[in-house]
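Architecture at a glance
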Amino acid sequence: MATQLFEGKGHAAVYQKYRFAPGKELQQLILSYVEEKRTSPMELVVDVGCGSGQGTLFLAEHFKKVVGTDISEAQIQEGRDAPCPPNLSYLVCPAEELPFEDGSVDLLTSFTAAHWFDIEKFMKEVMRVVKPRGCVALSTYTVDMRLHYGNCSEKLTQIFGEAKDLIFKYAHSRVKHVLEDYKEIFEALPFRDKRRITDVFDKIPMTVAGVVGYLESVSPYQIYLKDDPEAAKKLLQETEKRFLDAMGVSSRETQLEFWVRHVCILGCKGP
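Residues numbered from 1 in each chain as written. Predicted model: local features only at pLDDT ≥ 70, side-chain atom pairs only at ≥ 80, totals over all residues. Heavy atoms only, no water.

As a further point, take the overall build of the chain. In terms of regular secondary structure, the chain is built from eleven helices and seven strands. What you see for the chain is a C-alpha radius of gyration of 19 Å, in line with the 18 Å of a compact globule of 271 residues. The principal-axis extent of the C-alpha atoms belonging to the chain is close to 55 × 35 × 35 Å. The contacts in the chain between residues at least 6 apart in sequence include a share of 77% that link residues at least 24 apart. Across the chain, 34 positive and 39 negative side-chain charges occur, with their mean positions spaced 2 Å apart. (Helix = DSSP H or I, 4+ residues; strand = E, 2+ residues; numbered from the N terminus. Rg over C-alpha atoms; globule rule 2.2 N^0.38 Å. Contact = heavy atoms within 4.5 Å. Lys, Arg positive; Asp, Glu negative; His and termini not counted. Charge placed at Lys NZ, Arg CZ, Asp CG, Glu CD.)

Okay, structure coming up:
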């Protein structure tokens, strides 16, 4: 059964505000792969587990018709409430029960979500809905993250790591898929033509507030927040103060660079 940890309206709002879109390196990797494999025009792209639509919006810039799906009504509502191009729509549905006809999807994607799915059932749906010669791109960012600002990058990364380690004590067991670079998910993809790239690095502009907001948006933090609200809130407050002190600035809107490593599984369905 799929795991549902992003259901609440409050969490969905934090997710919409602070989760970042796929970076340029990851975007280019996916677009180049599709261009390499394409034998006909891309008519329908489906982004599964789309959350509030960060990756879905990127796809809508490049393809004719894009549908984002997610099991969370609150997440889908956040996506619908945001500015949305006319070729993009959203549906509430499980990843394991996609409302698309057999062989109708040209490209199926999932950004930092596949580890929450029932992998076996999801892969059966992938096999069913993707067209012959259609493509799949399943990616996640890893916990290999660094912060860069002036001459204090190492200190900022240390502070971030300490906060992340505390929060990830509350991580769900399915996060193991991320920690193992999606190895099991790659093996489960029922395509012969497939590859797993584990060294996609992106440098994402972000503010101090954005980094703290990202920590707030992750599922282990939301579990921590329910378990011990005072300690969870205090951790974020203290982490932000430590960032600002290390940087020698007072504004939480100060820009820095968030470096993150992605893993991406690419596959093309046989004829």
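Here the narrative resumes.
It is characteristic of soluble globular proteins that their nonpolar side chains tend to be buried jointly. L108, F122 and V126 are the most contacted members of the largest nonpolar core, which totals 31 residues. At the level of elements, β1 (45–48), β4 (105–111), α5 (119–129), β5 (130–148), α8 (183–188) and β7 (255–268) are the ones that each hand at least two residues to this core. Among the elements that line this core, the one with the most residues is α5, at five residues. Those residues within four positions of L108 in sequence are excluded, and the remaining contacts are V46, V48, L98, F122, V126, V129, V130, C135, V136, A137 and L138. Counting 28 residues, the second-largest nonpolar core is a separate cluster that includes Y141, L156, I167 and L236. (Core = buried A, V, L, I, M, F, W, Y, C linked by side-chain atoms within 4.5 Å. Buried < 20%, exposed > 50% of the residue type's maximum accessible area, 1.4 Å probe, protein only.)

Another point: the state of the cysteines. Under the criterion given, the structure shown has zero disulfides. The closest cysteine sulfur to the non-disulfide-bonded C84 is located on C50, 10 Å from its own sulfur. With relative accessibility at 35%, the residue C84 sits in the partly exposed group. Looking at the unpaired C264, the closest cysteine sulfur is the one in C135, lying at 11 Å. On the basis of relative accessible area, C264 is assigned to the buried category, the value being 0%. (Disulfide = S-S within 2.5 Å.)

Mapped onto this structure's residue numbering, the UniProt feature "domain: Methyltransferase type" (unreviewed entry) falls at residues 46–137. As annotated, residues 46–137 comprises 29% helix and 30% strand, and the C-alpha atoms at either end are separated by 10 Å. (UniProt positions renumbered as here; feature names shortened; annotations may be inferred.)

Okay, the packing of helix α10 (residues 219–227) against helix α11 (residues 229–247) next. The geometry of α10 relative to α11 is characterised by a closest axis approach of 5 Å and an angle of 130° between their N-to-C directions. Taken together, α10 and α11 sit at an angle that is classed as oblique. Counting all contacts with α10, which are made through Y221, Y224, L225, K226 and D227, the residues of α11 involved are P229, A231, A232, K233, L235 and L236. The class makeup of the residues in the contact of α10 with α11 is eight nonpolar, no polar and three charged. (Axes fitted to C-alpha atoms, helices over the stretch in contact; angles between N-to-C directions. Parallel < 35°, antiparallel > 145°, perpendicular 65-115°, else oblique. Nonpolar A, V, L, I, M, F, W, Y, C, P; charged D, E, K, R; others polar.)

We now examine the pairing of strand β2 (residues 66–70). Burial runs high along β2: five of the five residues are buried. Of the strand pairs in this sheet, β1 and β2 are connected by four bridges, and their pairing is parallel. Paired with V46 across the two strands is V67, which belongs to β2. Read from β1 through helix α3 (residues 54–60) to β2, the crossover connection turns out right-handed. As judged from the five bridges shared by β2 and strand β3 (residues 88–92), these two strands associate in the parallel manner. The residue of β3 that forms the bridge with G68 is Y90. (Pairing = 2+ DSSP bridges. Right-handed = clockwise from strand over helix to strand, strands pointing away.)

This part is about the sheet that holds strand β6 (residues 193–207). Pairing within the open sheet is mixed, and its seven strands lie in the order β3-β2-β1-β4-β5-β7-β6. The open sheet is flanked by β3 and β6, the only strands paired with a single partner. Each strand axis lies, on average, 20° off the axis of its neighbour in the sheet, ignoring direction. Relative to β6, helix α2 (residues 24–37) is tilted by about 145°, and along the sheet it contacts β4, β5, β6 and β7.

This model, assessed by the stated rule, comprises 16 salt bridges. Measuring nitrogen to oxygen at the nearest pair gives 3.2 Å for the salt bridge that ties K64 to E43. Of the two residues, K64 sits in the loop between α3 and β2 while E43 sits in the loop between α2 and β1, which places them 21 residues apart along the sequence. R128 is paired through a salt bridge with D102; the nearest N and O atoms lie 2.8 Å apart. With R128 in helix α5 and D102 in the loop between β3 and β4, this residue pair connects regions lying 26 residues apart in the sequence. We classify R128 as partly exposed; its relative accessible area is 26%. Taken together, the shared-partner salt bridges connect E36, K37, D193 and R195 into one network. (Salt bridge = Lys/Arg side-chain N within 4 Å of Asp/Glu carboxyl O.)

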